[in-house]
There are 2 protein chains.
Amino acid sequence: MDRTARRTENRYGNRPTMKDVAARAGVGLKTVSRVVNGEPGVTPDTERRVQEAIAALGFRRNDSARVLRKGRTASIGLVLEDLADPFYGPLSRAVEEVARAHGALLINGSSAEDPDREQELVLALCARRVDGLVVIPAGDDHRYLEPEIAAGVATVFVDRPAGRIDADVVLSDSFGGARDGVAHLIAGGHRRIGFIGDQPRIHTAAERLRGYRAAMEDAGIPVDERWMSLGVTDPERVRRAAEEMLKGQEPVTAIFAGNNRVTVTVVRVLAELDRRVALVGFDDIELGDLLQPGVTVVAQDAAQLGRTAAERLFRQLDGATLLPERIELPTRLIQRGSGELPPA
Amino acid sequence: MDRTARRTENRYGNRPTMKDVAARAGVGLKTVSRVVNGEPGVTPDTERRVQEAIAALGFRRNDSARVLRKGRTASIGLVLEDLADPFYGPLSRAVEEVARAHGALLINGSSAEDPDREQELVLALCARRVDGLVVIPAGDDHRYLEPEIAAGVATVFVDRPAGRIDADVVLSDSFGGARDGVAHLIAGGHRRIGFIGDQPRIHTAAERLRGYRAAMEDAGIPVDERWMSLGVTDPERVRRAAEEMLKGQEPVTAIFAGNNRVTVTVVRVLAELDRRVALVGFDDIELGDLLQPGVTVVAQDAAQLGRTAAERLFRQLDGATLLPERIELPTRLIQRGSGELPPA
């Protein structure tokens, strides 16, 4: 696929329209509309001419365009990986606001972190004629999207990069953020630091683990395998991981939590065990500042991720000449107490 | 519209299919497909016969069905009122799980609490051929949905009832929950109790205010107008409302917060003012049990709301004979400390 060429075209103008069909068939727009929508009032000969023009041009009825002509709006799709993860709330809302500013509707769906469902959902949205897609991918092979992109569907990945295709992506600096957060714990005197993260096949989880390792290596601290636990972030798994690190002769004195779901469970475990263990979490959490101690976090700007991705999408849709780009947003360490507790 | 009659039909079987078109035109299914999709390889005479059958039967290409035939899935739509409200996380996920169990995809969108956007989004989803809709309404007039429902789109409202049409709705007992929560504060010795809620045009907000008034009346406590504040639930408005109630010679000694967004802001205001004011919130909030004091709430089961609504939707889609029903789920008072503080 020649992406450069594709990107120099105006996406909206790329597909043959009913107007093109009408011109080629030598009929009025209303006649084309009647044929396409199976309405009566067209002679067999005219129908044939219209159908030939449709076939010659490769015209496909575009539901979005149809809706638009009726005075309604175009649409973009957003594919999340978990409808219940609060991290995606501000991200989704930001994408929606940008869409609205461009006169487009946003429709969402979730892959539930399953690559097959991601593909199914993306193709279902394409079949429903979204003009563009913002995707938080669950899978790591997005070649299935190539025909859709070639057909003019604008696409931007966010939070995690696309796999095996060259596409725009907007990310937070997961590596740098985790490295800074762990370095902050080391600067506070900790050496036995645990890392609890999401499944390593997930890009952000792998990057944050890499940041943890880098900070430990920079400080010359050999990492004990028992200090690292990666897997699904449901409360049961995270609870077991935290309890495991906190027991024995040489428990960890600090934990770096790989995302908001992990942080919430670790906060709960530490409260129940009544242990003064330092904690830095990746992602901010609601009310984290009002807990005792307040929860120190490496915050990413979820709304800015969504806004940046959506604006990029509409630049594609407006026909801008863009080469696929990787945009990385910085994270921010917010000290609130839990990350500043000294080693026990 | 004769809803009873509609409901005795199988929704899936209601619309003319390509098979019906093929039978009427006396051609094969593949031929109909070619005509509908504007593909070549059909003689003009055959095309004409197919177009006549399409017109006679009122066949409309059904994208869901088309996707389904390609080995993909049917779909249902979910219309929320705020993508960033954590209350909708478990509700959305529950709807998604039921959809998945029925082999259907879920696509979502948000009205952003704007009746016009709700209508625009609902009709856009219908234009994209969803088989059914779960709607958390922003508006109070849903007659615009009547043609869609008549055309076979299954519809269930959740969290708030439909307006001016007769439709299934699944609700929490907002009135009873609020009455119980306020009665709990009264039983703890409070008489000057504030109520901060959402805009009164929103059904749940109005019902919860009614519950507050009922509890006060049951206890023979006259309500001072200054104790009630209704409006948008952004932090600035709620903050001003709380501060207003807490100042002067006779401040409130307890606050009932009308939803999760209000509760979070009131918790923050009380922490900043360092005031021991009792608080009961409608909706549970994450980490509410770990705050000092823990936050007493009237919890609704958001996942159960979503599950019940989606199961009802699929019963409609399966062709069950159902009269429109109002299903009300109970709430649960969870005592954690803030609602048990005595009057200052």
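See the structure above.
All values reported here derive from a predicted model rather than from experimental measurement. (Residues numbered from 1 in each chain as written. Chains lettered and ligands numbered in written order. Predicted model: local features only at pLDDT ≥ 70, side-chain atom pairs only at ≥ 80, totals over all residues. Heavy atoms only, no water.)

### Some words on the nonpolar core
Core analysis: the biggest nonpolar cluster contains 90 residues, and I196(A), Y212(A), I196(B) and Y212(B) have the highest contact counts within it. The residues contacting Y212(B), other than those within four sequence positions of it, are A178(B), V182(B), I193(B), G194(B), F195(B), V223(B), W227(B) and M228(B). If you look at the next biggest cluster of nonpolar residues, it comprises 53 residues, including A104(B), A154(B), L313(B) and L329(B). (Core = buried A, V, L, I, M, F, W, Y, C linked by side-chain atoms within 4.5 Å. Buried < 20%, exposed > 50% of the residue type's maximum accessible area, 1.4 Å probe, protein only. Contact = heavy atoms within 4.5 Å.)

### Side note on the environment of A84(B)
Within the secondary structure, A84(B) is located in the loop between strand 1 (74-80) and helix 7 (88-101). Spatially, the C-alpha atom of A84(B) lies 9.7 Å from that of A112(B), the residues being 28 residues apart in sequence. In this structure, A84(B) is in contact with G89(A), P90(A) and R93(A), ignoring residues within four places of it in sequence. (Helix = DSSP H or I, 4+ residues; strand = E, 2+ residues; numbered from the N terminus.)

### Examining the pairing of strand 3 (residues 132-135) of chain A
All names here are of chain A. Burial along strand 3 is two-sided: the face carrying G132 and V134 and the face carrying L133 and V135 are both buried. Relative to strand 3, strand 1 (residues 74-80) is paired through 4 bridges, and the arrangement is parallel. Paired with V79 across the strands is V135, a residue of strand 3. Sheet topology places strand 3 next to strand 4 (residues 154-158); 4 bridges connect them, and they run parallel. Counted as the bridge partner of V134 is V156 from strand 4. (Pairing = 2+ DSSP bridges.)

### Observations regarding the pattern of salt bridges
All names here are of chain A. Across all of its chains, the model carries 46 salt bridges over all chains by this definition. A salt bridge links D45 to R49; the nearest nitrogen and oxygen atoms lie 3.3 Å apart. Here D45 pairs with R49, and both are found in helix 5 (residues 44-57), just 4 residues apart, close to one helical turn. Its relative accessible area of 30% is what places R49 among the partly exposed residues. Of the charged contacts, one joins R143 and D141 as a salt bridge, the two residues approaching to 2.6 Å between their closest N and O atoms. What emerges from the salt-bridge pattern is a single network uniting D45, R48, R49 and E52. (Salt bridge = Lys/Arg side-chain N within 4 Å of Asp/Glu carboxyl O.)

### Here we look at the interface of chain A and chain B
Taken together, the contact pairs 55 residues of chain A with 55 residues of chain B. Among the residues chain A hides against chain B, the three largest losses belong to L83(A), R128(A) and L287(A). Together they make up 14% of the total. Applying the counting criterion to the chain A and chain B interface returns 10 salt bridges. R100(A) is the partner of D114(B) in a salt bridge, and the nearest nitrogen-oxygen pair spans 3.6 Å. Sorting the residues of the side of chain A that touches chain B by element identifies helix 5, helix 6 (63-69), helix 7 (88-101), strand 2 (104-110), helix 8 (115-127) and helix 13 (260-273) of chain A as the ones contributing at least two each. When its residues are assigned to classes, the side of chain A that touches chain B shows 25 nonpolar, 11 polar and 19 charged. (Buried area = accessible area lost by both parts, 1.4 Å probe. Nonpolar A, V, L, I, M, F, W, Y, C, P; charged D, E, K, R; others polar.)

### Quick look at the relation of the copies chain A and chain B
Superposition of chain A onto chain B requires a rotation of 180° combined with a translation of 0.1 Å along the rotation axis, giving an RMSD of 0.1 Å. The transformation just described matches what one would write down for a two-fold rotation axis. No C-alpha of chain A approaches the rotation axis more nearly than that of N108(A), which lies at 2.3 Å. When you check the interface residues of chain A against chain B, 100% turn up at the interface there too, and the contact is symmetric in its surfaces. (Least-squares fit on C-alpha atoms with pLDDT ≥ 70 in both.)

### Concerning the sheet that holds strand 6 (residues 193-197) of chain A
All names here are of chain A. Spatially, 7-6-8-9-10-12 is the arrangement adopted by the 6 strands of the open sheet, whose pairing is mixed. Strands at the two margins of the open sheet, each flanked by one partner only, are strand 7 (228-230) and strand 12 (332-334). The average undirected angle you get between the axes of adjacent strands in this sheet is 15°. Two elements, strand 8 (residues 254-257) and strand 9 (residues 278-282), share 4 bridges in a ladder whose sense is parallel. Looking across to strand 9, one finds that A257 is bridged to G281. Of the strands in this sheet, strand 6, strand 8, strand 9, strand 10 (296-299) and strand 12 are in contact with helix 10 (residues 174-187), which crosses strand 9 at around 170°. Helix 13 rests against strand 6, strand 8 and strand 9 of the sheet, and its axis sits at about 160° to strand 9. (Axes fitted to C-alpha atoms, helices over the stretch in contact; angles between N-to-C directions.)

### Focus: the sheet that holds strand 9 (residues 278-282) of chain B
Residues and elements named next belong to chain B. Spatial ordering of the open sheet is given by 7-6-8-9-10-12, a layout of 6 strands whose pairing is mixed. Edge strands, defined here as strands with exactly one partner in the open sheet, are strand 7 (228-230) and strand 12 (332-334). Averaged over all pairs of adjacent strands, the angle between strand axes in this sheet comes to 15°, irrespective of strand direction. Contacts between helix 11 (residues 203-218) and the sheet are confined to strand 6 (193-197), strand 7 and strand 9, with strand 6 contributing the most and set at about 170° to the helix. Against the sheet, helix 12 (residues 235-246) touches strand 6, strand 7 and strand 8 (254-257), its axis set at about 170° to strand 6.

### Things to note about helix 7 of chain B
Within an α-helix, residues lying three or four positions from one another point in the same direction, as the helix has 3.6 residues per turn. All names here are of chain B. For helix 7, spanning 14 residues, the distance from its first C-alpha to its last is 20 Å, which sits close to the expected 20 Å at 1.5 Å a residue. Within the span of helix 7, buried status applies to Y88, G89, L91, S92, A94, V95, E96, V98 and A99. G103, located one to two residues past helix 7, shows a positive phi value of around 70°. (Expected span 1.5 Å × (residues − 1).)

### Thoughts on the side chain of E96(B)
As for its position among the elements, E96(B) is in helix 7. Residues contacting E96(B), with those up to four places away along its chain left out, are L83(A), S110(A), A112(A), R117(A) and L106(B).

### Observations concerning the side chain of N260(B)
Residue and element names in this part refer to chain B. Along the chain, the position of N260 falls in helix 13 (residues 260-273). A distance of 2.9 Å separates polar atoms of two side chains, one belonging to N260 and the other to D85. Each residue touching N260, except ones within four places of it in the same chain, is listed here: D85, P86, F87, F282, D283, D284 and I285. (Polar contact = N/O pair within 3.5 Å; in protein donor to acceptor, adjacent residues only side chain to side chain.)

### Here we look at the pairing of strand 8 of chain B
All names here are of chain B. Burial along strand 8 is two-sided: the face carrying A254 and F256 and the face carrying I255 and A257 are both buried. Where strand 6 meets strand 8, 4 bridges bridge the pair, whose relative direction is parallel. Each residue of the ladder has a partner; that of F195, found in strand 8, is F256. Of the crossover connections in this fold, the one passing from strand 8 over helix 13 to the parallel strand 9 is right-handed. (Right-handed = clockwise from strand over helix to strand, strands pointing away.)

### Here we look at the packing of helix 3 (residues 18-25) of chain A against helix 4 (residues 29-36) of chain A
To describe two helices that pack against each other, one gives the angle between their axes and the distance between the axes. Residues and elements named next belong to chain A. Their axes nearest at 9 Å, the elements helix 3 and helix 4 cross at an angle of 110°. On the basis of the axis angle, helix 3 is roughly perpendicular to helix 4. Judged by residue contacts, M18, K19, V21 and A22 of helix 3 engage L29, V32, S33 and V36 from helix 4. A per-class count over the contact of helix 3 with helix 4 returns 6 nonpolar, 1 polar and 1 charged. (Parallel < 35°, antiparallel > 145°, perpendicular 65-115°, else oblique.)

### Section: helix 10 of chain A
Residue and element names in this part refer to chain A. For helix 10, built from 14 residues, the straight-helix expectation of 20 Å at 1.5 Å per residue is met to within 8% by its first-to-last C-alpha distance of 20 Å. Counting buried positions along helix 10 yields 10 of 14 residues, so the element is predominantly enclosed. Those residues of helix 10 not exposed but buried are S174, F175, G176, G177, A178, G181, V182, H184, L185 and I186.

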